[in-house]
Amino acid sequence: MTSTTRLTVAQALVRFLSAQYTERDGTRHRLIGATWGIFGHGNVAGIGQALVEYGDVMPYHQGRNEQAMVHAAVGYARQSGRLSTHAVTTSIGPGATNLVTGAALATINHLPVLLLPGDVFAAHPSDPVLQQLEVPYAGDVSVNDCLRPVSRYFDRITRPEALIPSALQAMRVLTDPVETGAVTLALPQDVQAEAYDWPEEFFAERTWVVRRPGADPTELAEAVRAIRGARRPLLVAGGGVHHSRAEEALAEFAAVTRIPVASTQAGKGSLRFDHPQDVGGVGHTGTATADELARTADLVIGVGTRYTDFTTASGTLFAHPDVRFLNLNIAPYDGHKLAGMPLIADARSGLMELTAALDMHAYRVGASYVAEYTEDKERWEQRVDACYEADEPDVRPTQPQVLGVLDTLVDESDVIINAAGSLPGDLHKLWRARSRDQYHLEYGYSCMGYEIPAAIGVKLAAPERRVWALVGDGTYLMMPTEIVTAVQEGVAIKVLLVQNHGYASIGGLSEETGAERFGTAYRHRAADGTFTGAPLPVDLAANAASLGMRVLRAKTVSDLREALAEARDADTPTCVYVETQTADTVSGPPPAQAWWDVPVAETATRPSAVKARELYERHVSTRRRHLRRSNRS
């Protein structure tokens, strides 16, 4: 007879989660390392009580904003190589809907997170309850259904016994390198507290093996032929290289073949910046070196990339008339993009197989090609030096000079986190990544407010690392709340807060598209009704201090150097606040090296918009659809 244990649904779920593990390459990891939560009437007596009951096996972190809790879990998951993550529990109503943005970010970036939102009564003893959405045509819809399109798996647990198959399916999706993303188990508040006789086998330790599938022999042979036939191949490293921990395999592939390696935002750091074959970021925010190689490449080898519009310059970058694409990706969906030749495999496994096969044929790209990109790379590094250079140490720095000062202080143990604004463009072009996980850019969703909570998650996953959240004023105002969490938990993150009085990135884009920076500056209204008056008297440094963070103010380049050095050595949460100057009179970042499609008004009377439309049409005319597939040999 099967032995059973009588527990509530919430207690059973917490106990089940504490016994789940992943394994890859012979190393075992706990899958759900902790649970984040904010409690309300929809989860306090269920999951909340269960976390008290099983506090010895399930650590708990107190959050301040539900979206931020998801960001923290995602940061933890990325730093853990997708082998561990956190769960997030919320009440019903606003708590649940606040999860949507974080869920979308996790799913778009293929990063696992388990969401446990409370839900309205399954038994409907009295409708409507507080915060319940009433849908006249469907009695089984709640606000949690907003999470369906942004979840890789969704279920509503309306009976206790339904938890068993759903919990197992949730773990399967979280640990699947192809399907992983946000997983949602909606938990009606009455069901959470309901008791059931659970089979003991449900609580047994389970190890979910994270697969490393190799390439199909036929696809591998075709890939080798395609590479051997290319004269100007370029490899584009995406986030899949990091997820697979394929950095060493990529370095070996590049050293053997001498094929240059460009990187997407998610893939930057796949090679160290000083690796001979690393040519920097590619696409709209890429380097001149990488983008010129992309324009002339006859074979683009995409490894673990989704080919977003920033990477392809909205279909205008890969301009060689006979360019072909070879896509090494664990996901068939991505492997077939751009009419490419698919090589469906784990990034590390596939690269190792390609390297062995090409080495056997003694394949190398031509010496003239190597000399070309090596010289171009050296020229680009000189441009980076010029951007970082601060000839006058006693003046306010530009944003690139802020990065330049930080660049002189960090080593490979530091982690740099950013997601939105003007910083991603500067970082992708300029930052010199020193280790595989130093460069942590969330640019799949480019979510303002990600940086501070994600830094907490990264620091929890790697407490020995120095973790920096690089935040502009616009992003800071979106979500500073988890500073309180960092202070409460003693998580010694470093926040570099850059004040430039507005949405700098969108301001520039607005100007380029004929919208004249409308609504992008943080300034008082002028007499003409526009936001062109004096800067707002908002003291973000004082705000951070009021939340409990130690704050160091820097007015000049010299001040900044001292403050960043002091913050780097700090063992408590520390913020460095600096106000930047514009690049009007000093060296700013290099302009975009490739286009990005943001439609411009087709009809307008203002000269700025008319001019912008003319330029837009010229760019659009260069776009191409890559439809021609390589012939099979």
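See the structure above.
Residues numbered from 1 in each chain as written. Predicted model: local features only at pLDDT ≥ 70, side-chain atom pairs only at ≥ 80, totals over all residues. Heavy atoms only, no water.

Participant: What should I look at first to understand unusual backbone geometry in this one?
Facilitator: Most peptide bonds take the trans configuration, and most residues that are not glycine carry a negative phi. The peptide bond linking Asp127 to Pro128 adopts the cis configuration, its omega dihedral lying at -5 degrees. Relative to the helices and strands, Pro128 resides in the loop between strand 7 (113-119) and strand 8 (153-156). Backbone geometry places His124, a non-glycine residue, at a positive phi of 50 degrees. Residue placement: His124 occurs in the loop between strand 7 and strand 8. (Helix = DSSP H or I, 4+ residues; strand = E, 2+ residues; numbered from the N terminus.)

Participant: Help me out: how do you make sense of empty space enclosed by the protein in this one?
Facilitator: The final tally for this structure, using the stated rule, is two cavities of 30 Å³ or more. Approximately 130 Å³ is the volume found for the largest cavity. Contributing elements (two or more residues each) for the lining of the largest cavity: strand 14 (278-281), helix 15 (367-388) and helix 17 (423-430). For the lining of the largest cavity, the element with the most residues is helix 15, which contributes four residues. The residue makeup of the lining of the largest cavity, split by class, is six nonpolar, three polar and six charged. Taken as a whole, the second largest cavity encloses approximately 50 Å³ of empty space. Lining the second largest cavity are Ile92, Gly93, Gly118, Asp119, Val120, Gln131, Gln132, Leu133, Ser142, Val143 and Asn144. For the lining of the second largest cavity, the class distribution of residues is four nonpolar, six polar and one charged. (1 Å grid on protein atoms, 1.4 Å probe; cavity = no way out; pocket = protein on both sides within 12 Å on 5 of 7 lines; lining within 4 Å. Points joined across faces, edges and corners; volume = space filled by probe spheres on them. Nonpolar A, V, L, I, M, F, W, Y, C, P; charged D, E, K, R; others polar.)

Participant: When you look at the pattern of salt bridges in this model, what are you seeing that I'm missing?
Facilitator: Opposite charge on two side chains lets them pair, provided their charged atoms get close. The final tally for this structure, using the stated rule, is 34 salt bridges. Here Arg232 makes a salt bridge to Glu372, at a shortest N to O gap of 2.8 Å. With Arg232 in the loop between helix 8 (217-228) and strand 12 (233-237) and Glu372 in helix 15, this pair connects stretches of sequence that are 140 residues apart. For Glu372, a relative accessible area of 28% gives the class partly exposed. Where Arg295 meets Glu292, a salt bridge forms, and the shortest distance between an N and an O atom there is 3.7 Å. (Salt bridge = Lys/Arg side-chain N within 4 Å of Asp/Glu carboxyl O. Buried < 20%, exposed > 50% of the residue type's maximum accessible area, 1.4 Å probe, protein only.)

Participant: How do you make sense of the nonpolar core when you look at a structure like this?
Facilitator: One recurring pattern in soluble globular proteins is that nonpolar side chains are buried together. Core analysis: the largest hydrophobic core is formed by 53 residues, its most contacted members being Ile227, Leu235, Phe253, Ile301 and Leu351. Sequence-distant contacts of Leu351, that is, excluding residues within four places in its chain, are made with Leu235, Ala246, Ala249, Leu250, Phe253, Val303 and Leu328. (Core = buried A, V, L, I, M, F, W, Y, C linked by side-chain atoms within 4.5 Å. Contact = heavy atoms within 4.5 Å.)

Participant: Explain helix 17 here, please?
Facilitator: For an α-helix the count is 3.6 residues per turn, leaving residues at separations of three or four pointing the same way. Among the eight residues in helix 17, eight count as buried, and that is most of the element. Taken together, the buried positions of helix 17 are Leu423, Pro424, Gly425, Asp426, Leu427, His428, Lys429 and Leu430.

Participant: Can you help me understand a negative patch on the surface in this one?
Facilitator: Taken together, the side chains of Glu389, Asp391, Glu392 and Asp394 define an acidic patch exposed on the protein surface. Residue classification places Asp391 among the exposed residues on the basis of a relative accessible area of 65%. (Patch = residues over 30% accessible without salt bridge, like charges linked within 9 Å, V, L, I, M, F, W, Y side chains within 5 Å. Areas by Shrake-Rupley, 256 points an atom, 1.4 Å probe, with all protein chains shown as cover. Lys, Arg positive; Asp, Glu negative; His and termini not counted. Charge placed at Lys NZ, Arg CZ, Asp CG, Glu CD.)

Participant: Can you walk me through the side chain of Lys459 in this structure?
Facilitator: Summarising the element assignment, Lys459 is placed in helix 18 (residues 451-461). No salt bridge is formed by the buried Lys459, whose closest oppositely charged neighbour, Glu464, lies at an N-O distance of 7.2 Å. Non-local contacts of Lys459, meaning those with residues more than four positions away in its chain, are made with Arg465, Arg466, Val467, Val491, Ala492 and Ile493.

Participant: Looking at this structure, how should I read the sheet that holds strand 19 (residues 439-441)?
Facilitator: The pairing of strands in a sheet happens through backbone hydrogen bonds and is either parallel or antiparallel. Across the sheet, which stays open at both edges, the six strands sit in the order 19-18-20-21-23-22 with parallel pairing between neighbours. Among the strands making up the open sheet, the edge pair consists of strand 19 and strand 22 (550-554). Within this sheet the neighbouring strands show an average axis-to-axis angle of 20 degrees, counted without direction. Pairing analysis gives five bridges linking strand 20 (residues 466-472) to strand 21 (residues 494-499), with the strands arranged parallel. (Pairing = 2+ DSSP bridges. Axes fitted to C-alpha atoms, helices over the stretch in contact; angles between N-to-C directions.)

Participant: It is not clear to me how the sheet that holds strand 3 (residues 27-30) should be interpreted in this structure. Could you clarify?
Facilitator: Taken together, three strands build an open sheet; the order of strands is 3-2-11 and the sheet is mixed. Each edge of the open sheet carries a strand with a single partner, namely strand 3 and strand 11 (206-209). The mean angle between the axes of side-by-side strands here comes to 30 degrees, regardless of whether they run parallel or antiparallel. Sheet topology note: the strand 2 (residues 20-24)/strand 3 ladder contains four bridges and is antiparallel. Pairing of Arg24 across the sheet is with Thr27, part of strand 3.

By themselves, these figures tell us nothing about what the structure is for.
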